[in-house]
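# Descriptive analysis of the structure
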Amino acid sequence: MTEQIASLVDERPRGLFGDAWHALRRRVLFWAAVSIISLVVLMALFPGLFAAGDPNLAQLSRSRGAPSAEAWFGYDNQGYDIYTRVVHGARASIVVGLLSTVGVVLVGATIGMFAGFYGGWLDAVVSRIADVFVGVPFVLGAIVILTTLNAGGDAGTVRIVAQVVLSLSVLSWPVAMRIMRSTAIAAKQQDYVKAARALGASPSRIITKHMLPNCVAPVLVYSTIALGAFIGAEATLSYLGIGLRQPVVSWGVMINSAKDYLRVAPHALLFPAGFLTATVLAFVMLGDAVREALDPKLR
């Protein structure tokens, strides 16, 4: 009897996300990506579990010290413990990536949903505005925004992080908008939307109850990949000297500090760059796995 009940439970029809989870949990790359991301998130939330030292403690007497049992990743030019700073630097990198992704998805997907659903002049105006932002080179746009905001030397951590998040969100929202817009245009032609309109459902109910659940999958895939891309973009801007900076500790700030003495102390750059590369790659692998699981044609 128990076996019959179990077989009936297994044969129940699954929804989109249930079917996706059934496919994801069989993928080795998915679990590898989740393991790396979980480790980095734990480092960001509880850095004291991994490194008990002070990331802002500098001693010039140990400048450029090589990796050893005392300092696993060695010391940088100013005598900071690289391992401790790598662990604590995960927080700023993850926060920037997460907040940028949330901002891009909320703004871009909301605008794209309304533009795709209502069409007409709203769609035309939104599309032309998005074309303007897409036409701006990312690095050039970030330089303009960040130099305009130009937080002074006494700026706190919150303001420095906020202006980087703002610049990434402003330059990247058209991508999420276009994905949601195209999905909404296709969804509003479906029979279930036409039936809801025929029954007198309001536009807000049609969007929230019928269209949004069926349009969220492509945006979810983009969000997963974009989070890793934003972490890499933050490091790029910090490397150029226009992103995060002291007193913020991040992988990009560490790479920027180590670039001038790469030949004499390569470990100061290789360790934060390695953690950055592994994290971005993990999010890309997770996004690819989610994309294949949510799209039946790719299975």
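Residues numbered from 1 in each chain as written. Predicted model: local features only at pLDDT ≥ 70, side-chain atom pairs only at ≥ 80, totals over all residues. Heavy atoms only, no water.

For the pair helix α9 (residues 203-239) and helix α10 (residues 251-258), interaxial distance at closest approach is 8 Å and the crossing angle is 35°. Viewed along their axes, α9 and α10 form a crossing whose handedness is right-handed. Across the interface between the two elements, E234, A235, S238 and Y239 of α9 pack against G252, V253, I255 and N256 of α10. Residues that form the contact of α9 with α10 fall into these classes: four nonpolar, three polar and one charged. (Axes fitted to C-alpha atoms, helices over the stretch in contact; angles between N-to-C directions. Helix = DSSP H or I, 4+ residues; strand = E, 2+ residues; numbered from the N terminus. Left-handed = near helix turned anticlockwise from the far one by under 90°. Contact = heavy atoms within 4.5 Å. Nonpolar A, V, L, I, M, F, W, Y, C, P; charged D, E, K, R; others polar.)

Counted according to the given criterion, the structure contains three salt bridges. Of the charged contacts in the structure, one is a salt bridge between R128 and D131, with a shortest N-O distance of 3.0 Å. Placement of both R128 and D131 in helix α5 (residues 120-134) is noted, with a separation of three residues, approximately one turn of the helix. Classification of D131 as partly exposed rests on a relative accessible area of 31%. Residues participating in the shared-partner salt-bridge network are R128, D131 and R178. (Salt bridge = Lys/Arg side-chain N within 4 Å of Asp/Glu carboxyl O. Buried < 20%, exposed > 50% of the residue type's maximum accessible area, 1.4 Å probe, protein only.)

One can find R159 in helix α7 (residues 157-187). Owing to a relative accessible area of 46%, R159 belongs among the partly exposed residues under this scheme. Spatially, the C-alpha atoms of R159 and L244 are 9.9 Å apart, while their sequence positions differ by 85 residues.

The next thing to look at is the UniProt feature "transmembrane region" (unreviewed entry) in the protein. Cross-referencing UniProt, the feature "transmembrane region" (unreviewed entry) maps to residues 28-52, 94-117, 129-148, 160-180, 219-242 and 269-290 in the present numbering. Note that residues 94-117 is 100% helix and 0% strand, and that its end C-alpha atoms are spaced 33 Å apart. Secondary structure across residues 219-242 divides into 88% helix and 0% strand, with the first and last C-alpha atoms of the span separated by 29 Å. (UniProt positions renumbered as here; feature names shortened; annotations may be inferred.)

So, about the packing of aromatic side chains. All chains considered together, the criterion is met by eight aromatic pairs. Centroid distance W251 to F275: 6.2 Å. Interplanar angle 50°. Geometry classified as tilted. Here W251, found in helix α10, pairs with F275, found in helix α11 (residues 267-294); they are 24 residues apart in sequence, far enough to count as distant. According to the relative accessible area criterion, W251 is buried, its value standing at 0%. By relative accessible area, which is 25% here, F275 ends up partly exposed. Through a chain of ring-to-ring contacts, the aromatic side chains of W72, F73, Y83, W251, F271 and F275 assemble into a single cluster. Positioned above the aromatic ring of Y239 is the side chain of K259, whose terminal nitrogen or guanidinium carbon lies 5.8 Å from the ring centre. (Phe/Tyr/Trp six-rings, centres within 6.5 Å; stacked < 30°, edge-to-face > 60°. Lys NZ or Arg CZ within 6 Å of the ring centre and 35° of its normal.)

Here the focus is helix α6 (residues 138-149). An ideal rise of 1.5 Å per residue puts 16 Å on 12 residues; α6 measures up with 16 Å between its terminal C-alpha atoms. Buried residues of α6: G141, A142, I145 and L146, and no others. Relative to the axis of α6, the buried residues are bounded by an arc of 120° and lie together on one face. Structurally, α6 contributes buried residues whose contacts are with α7 and α9. (Expected span 1.5 Å × (residues − 1). Arc of directions from axis to C-beta.)

Bringing the layout of surface pockets into the picture now. Roughly 210 Å³ of volume is contained in the second largest pocket. Those elements that place two or more of their residues in the lining of the second largest pocket are α4 (82-118) and α7. Considering every element that reaches the lining of the second largest pocket, the biggest residue donor is α4, with four residues. A breakdown of the residues in the lining of the second largest pocket according to their chemical character gives eight nonpolar, two polar and one charged. (1 Å grid on protein atoms, 1.4 Å probe; cavity = no way out; pocket = protein on both sides within 12 Å on 5 of 7 lines; lining within 4 Å. Points joined across faces, edges and corners; volume = space filled by probe spheres on them.)

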